[in-house]
Amino acid sequence: MKILISFHDIQKPAHPELDRLVDKLAKSHIERHLSKFSPDAIELHVRLEKNPHLARYQVKLQLGMPSANLESADESDEIMAALHKSFAELERQLERQLAHVRREEGKAP
């Protein structure tokens with residue numbers, strides 16, 4: 001799985017730690033469900049943004065896979081909370097999508 005992260009209004013010294021956290025969350029929430037797909041066929045786009053006026057963080061996740069494109073977003077005063085909620089929601093969507101695909105594959109023509 002390719003992970004592409006973009007930062008907006010987040011200080012540069014925080015980027016490496018956030019990169020590691022995103023990688024860890026992607027492995028625990030997303031990657032384990034995608035073993036049957038080619039790693040090159042999956043892309044996760046992560047947008048981390050801080051609203052300077054409200055001091056709130058916004059996280060947007062987009063998972064591109066051969067059978068679907070899934071999106072999740074969350075906003076919080078804490079970037080960690082927004083990341084955890086976004087990944088949990090994306091995992092829920094992914095589980096539903098994979099269940100749907102399995103049902104489609106199991107049907108006889």
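Provided above is the structure to which this section pertains.
Residues numbered from 1 in each chain as written. Predicted model: local features only at pLDDT ≥ 70, side-chain atom pairs only at ≥ 80, totals over all residues. Heavy atoms only, no water.

Student: What is the right way to read the pairing of strand E2 (residues 43–51) from this model?
Tutor: On any regular strand, side chains alternate: one points to one face of the sheet, the next to the other face. Examined bridge by bridge, strand E1 (residues 2–8) and E2 share 7 bridges and lie parallel to one another. Counterpart to Ser6 in the pairing with E2 is Arg47. Chirality of the crossover, the property in question, places the unit of E1, helix H1 (residues 15–29) and E2 among those that are left-handed. Looking at chain direction, E2 and strand E3 (residues 56–65) are connected through 9 bridges and run antiparallel. Looking across to E3, one finds that Lys50 is bridged to Tyr57. Here E2 hands over to E3 after 4 residues, with Ala55 in that stretch at a positive phi of 55°. (Pairing = 2+ DSSP bridges. Helix = DSSP H or I, 4+ residues; strand = E, 2+ residues; numbered from the N terminus. Right-handed = clockwise from strand over helix to strand, strands pointing away.)

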